[in-house]
Amino acid sequence: MSCRSTVMVISVAGSPPETVIFELDTATCPRTSHNFASLCASPGKAARPSRTNVTMPRAVPTYRNTEFHRVKPGFIVQGGDYDNFDGTGGRSIYSTSTFEDESFANNHHTEGILSMANRGKATNGSQFFITLGNASHLDGKHVAFGRVVHGMDLVRLMASVETDEKDRPISMQRIVVVDCGIGKGNVNSKEGDRKSEGKNTKKEKRGMKHNERGRSNPSSSDSSSSGSTSSYHRHRSSKKHKKRKRERSSSRSRDRGHYSSDERHRSSHKKRKSSKKKHRHRERDYDRKRRRRSRSR
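A brief report on the enclosed structure follows.

What counts, and where the lines are drawn
Residues numbered from 1 in each chain as written. Predicted model: local features only at pLDDT ≥ 70, side-chain atom pairs only at ≥ 80, totals over all residues. Heavy atoms only, no water. Helix = DSSP H or I, 4+ residues; strand = E, 2+ residues; numbered from the N terminus. Buried < 20%, exposed > 50% of the residue type's maximum accessible area, 1.4 Å probe, protein only. Contact = heavy atoms within 4.5 Å. Areas by Shrake-Rupley, 256 points an atom, 1.4 Å probe, with all protein chains shown as cover. Phe/Tyr/Trp six-rings, centres within 6.5 Å; stacked < 30°, edge-to-face > 60°. Core = buried A, V, L, I, M, F, W, Y, C linked by side-chain atoms within 4.5 Å. Pairing = 2+ DSSP bridges. Expected span 1.5 Å × (residues − 1). Salt bridge = Lys/Arg side-chain N within 4 Å of Asp/Glu carboxyl O.

A tally of regular secondary structure across the protein gives 6 helices and 8 strands. N-terminal to C-terminal, the α/β element order of the protein is β-β-α-β-β-β-β-β-α-β-α-α-α-α. Within the span of the protein, comprising 297 residues, buried residues form 33% of the whole. Of the contacts made within the protein by residues no fewer than 6 positions apart, 63% connect residues no fewer than 24 positions apart. Looking at the protein as shown, the accessible area adds up to about 19,100 Å², and 48% of this sits on carbon and sulfur atoms.

Before going further, it helps to examine the packing of aromatic side chains. Counted by the stated rule, this structure contains 7 aromatic pairs. Considering the side-chain rings of phenylalanine 36 and tyrosine 63, the 5.3 Å spacing of their centres and the 50° angle between planes classify their relative orientation as tilted. Of this pair, phenylalanine 36 sits in helix H1 (residues 30–41) while tyrosine 63 is found in the loop between H1 and strand E3 (68–72), placing the two residues 27 residues apart along the sequence. Both residues of the pair, phenylalanine 36 and tyrosine 63, count as buried. Measuring from centroid to centroid gives 5.4 Å for tyrosine 94 and phenylalanine 99, while their planes differ by 80°, and the two rings are edge-to-face. Here tyrosine 94 matches phenylalanine 99 in class, with each residue buried. In textbook terms, an aromatic cluster arises when at least three aromatic residues are bridged by ring pairs, as seen for Phe22, Phe36, Tyr63, Phe68, Phe128 and Phe145.

All right, on to the side chain of threonine 32 then. With respect to the element layout, threonine 32 can be found in helix H1. Aside from chain neighbours lying at most four places away, what touches threonine 32 is Phe99, Glu102, Met116, Val143 and Phe145.

So, about the nonpolar core. Counting 37 residues, the largest nonpolar core has Met8, Ile10, Phe22, Phe36 and Phe68 as its most contacted members. For phenylalanine 22, the residues in contact, after removing those within four places along its chain, are Arg4, Ser5, Thr6, Met8, Phe36, Leu114, Ile130, Arg147, Val148 and Val149. Grouped together as the second largest cluster of nonpolar side chains are 5 residues, Ile76, Ala117, Ala135 and Leu138 included.

For strand E7 (residues 144–150), a buried count of 5 out of 7 residues is recorded, marking the element as mostly surrounded by other parts of the structure. By the bridge criterion, 4 bridges tie strand E2 (residues 18–25) to E7 in an arrangement that is antiparallel. Each bridged residue has a counterpart across the sheet, and for isoleucine 21 the counterpart in E7 is histidine 150. Strand direction decides the pairing type here: strand E5 (residues 113–116) and E7, joined by 3 bridges, are antiparallel.

Between its terminal C-alpha atoms H1 stretches 16 Å, which fits the 16 Å expected from 12 residues at 1.5 Å a residue. What H1 keeps buried is the set Thr32, Ser33, Asn35, Phe36, Ala37, Leu39 and Cys40.

Okay, the pattern of salt bridges next. All chains considered together, the criterion is met by 9 salt bridges. Between arginine 31 and glutamate 100 there is a salt bridge; the shortest N-O distance is 3.2 Å. Residue arginine 31 is found in helix H1, and its partner glutamate 100 is found in the loop between strand E4 (76–79) and E5; the two are separated by 69 residues along the sequence. Look at glutamate 100 and you get partly exposed, because its relative accessible area is 39%. For arginine 48, the salt bridge is made with glutamate 67, and the minimal N-O distance between the two is 2.5 Å. Linking arginine 48 in the loop between H1 and E3 with glutamate 67 in the loop between H1 and E3, this pair joins segments that are 19 residues apart in sequence. The class of glutamate 67 is buried, set by a relative accessible area of 10%.

Take the side chain of glutamine 127 next. Along the chain, glutamine 127 falls in the loop between E5 and strand E6 (128–131). Residue glutamine 127 is classed as buried on the basis of its relative accessible area, which comes to 9%.

Pasting the structure below:
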């Protein structure tokens, strides 16, 4: 059996996105597989239509940024509507918006089967679903063209979100396809996803610590050419550092009984002022005495 892999990075209810890998049966269903893979690889992002009456541009044919609009626990999770995000839109990549049922050779006997959603015979577009258990009653009605080979735990988690009366996830628990493409992605397992995220967060924390050290210790930031702070901030921090250093040295010298040149200058200036005051007082007293003497004569 000839196979091709596609990948979707999915976020459930705002949680960190995780990877789901599909294996497509290109031997039995080449046109259906090509349609799905092309929509995964298509550039751009789908946009949720506006609730106002403003006319929106034609939707980009891609699964990126679309949502799983139908959730039936124990049965299926359905997505792929890049037009209306509610199960009423979506088109194939072919000239006609829909295409024929290619083959019913594959069945829906277990969970993790990837199959095309339709509105009847020969109405396959872009919408697809993933089974959550045995759905043999869909055999002969829907084209099963692949299966989930990694990330089935995430698919089961998708089935646990809260839904409304139309089986649509409520606004706070939307299931969003953050990214998608051809291949198996960069991660081999869910644990690998978490490890890589942990490494990224550790690197970010180290970078933040490095920046803080650079701000508090200007000598290290000046010496390293790859410092993240700008020259202006380095200059300001170095001035502050020098000021603090002067204050520390003056306080130490005061404790020892020594004084800096600035402090000596201040003390001498005070002495001069006090001596001038004394001199003025003496002159004033002398003038008073002289006046008294002249009066007495």
